[in-house]
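# Analysis of the macromolecular model
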Amino acid sequence: MEIKCGNGSEKEMSYRCVQCGFSVTTLYIQYSPGNIRLMKCGNCKAVADEYIECELMILVIDLILHKIRAYRHLFYNRFSRGTLDNEVLLWKLSLGFLILDAYQMLAVCTSQDERSLPASFASFLGLCGKVLMGVFFGNLMFLGIILFATRRFLNAKIGDSRWKHILLSILVSSYFKIFVIAMMVWEFPSSAVFIIKMFVVSSNALALLVITDDHMIRCIWICFAAHAMKFLVTQGLGAYRKLVLW
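The name given to the protein chain in an unreviewed UniProt entry is Protein ARV, with the source organism recorded as Anisodus tanguticus. Listed in UniProt under the heading Subcellular location (unreviewed entry), the comment for the protein chain reads: "Endoplasmic reticulum membrane". Here the protein chain is described in UniProt, under the heading Sequence similarities (unreviewed entry), as follows: "Belongs to the ARV1 family."

The next subject is the environment of Ile166. Considering the arrangement of structural elements, one finds Ile166 in helix H7 (residues 160–172). Accessibility expressed as a relative area gives 0% for Ile166, which makes it buried.

Here we take up the UniProt feature "transmembrane region" (unreviewed entry) in the protein chain. Mapped onto this numbering, the UniProt entry annotates "transmembrane region" (unreviewed entry) at residues 131–154, 166–186 and 192–212. With 96% helix and 0% strand, residues 131–154 has end C-alpha atoms that lie 32 Å from one another. For the annotated span residues 192–212, helix accounts for 100% and strand for 0% of the residues, and the straight-line distance between the end C-alpha atoms is 30 Å.

When the terminal C-alpha atoms of helix H9 (residues 191–212) are compared, their 32 Å separation across 22 residues agrees well with the 32 Å that a helix rising 1.5 Å per residue should span. Positioned one or two residues after H9, Asp213 has a phi angle of 55 degrees, which is positive.

Reading guide: rules and limits
Counting restarts for each chain: residues are numbered from 1 in the order of the written sequence. Side-chain atom pairs in this predicted model are given and counted only at pLDDT of 80 or more, local residue features only at pLDDT of at least 70, and totals for whole chains, interfaces and linings cover all residues. Computation of side-chain values covers all heavy atoms of the structure but excludes hydrogens and water. UniProt positions are given in the numbering used here, feature names are shortened, and annotations may be inferred rather than shown by experiment. The numbering of helices and of strands both runs from the N terminus, where a helix is a DSSP run of H or I of at least 4 residues and a strand a run of E of at least 2. A 1.4 Å probe rolled over the protein chains alone gives each residue an accessible area, and that area as a share of the maximum for its type sets the label: buried under 20%, exposed over 50%, partly exposed in between. To estimate how far a helix should extend, the number of its residues minus one is multiplied by 1.5 Å.

Below, the structure written as structure tokens:
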């Protein structure tokens, strides 16, 4: 009988029990293809990770419901070391994040006349410049506050692989931004964007909590401050542009 320890070959990777967050060496034992036995946590004595046998849709639903065990499974047990070091994945996620952010800014920080078909090529370039500048400087400030506050207030060491892990968790936990795509098809009030933003803030805070193992209230304040500063920067750039043009 061949026995394989699932996910236990990468010793440098720390796997977690999704129930209590305790470190575990292996998540399951595979006796044969399709025949596995889930391991129990040595701390809480519960199954370390039941999501291994669950469908992907169940994981997605639990992520939307903000269940912390789903976030632990995603960031510690689902993502391998190769995934964390995959810079191509980070670039793809960053690009999608910025594109959704650009449309979100287009919906919130511009008027209905500006979002309509531009009257001239110059006005089109002006609108693109406003959105791109807001997205660039806003996210630069956002990530800067996240990384600085994580190191300063959560006592997390930001190494080369650690900052990638934090960046990946922020990008993935911003999955609520995908609902902005629906605004391209159906008309929604601008307040819908703020509702999506609140879900993104709460999801980012929960992801930061899972990554740093710190207090929830600190993670909430850090994410709220980062998003608030990002909003102020984009609004300030829009006001400055109008003042200069005037």
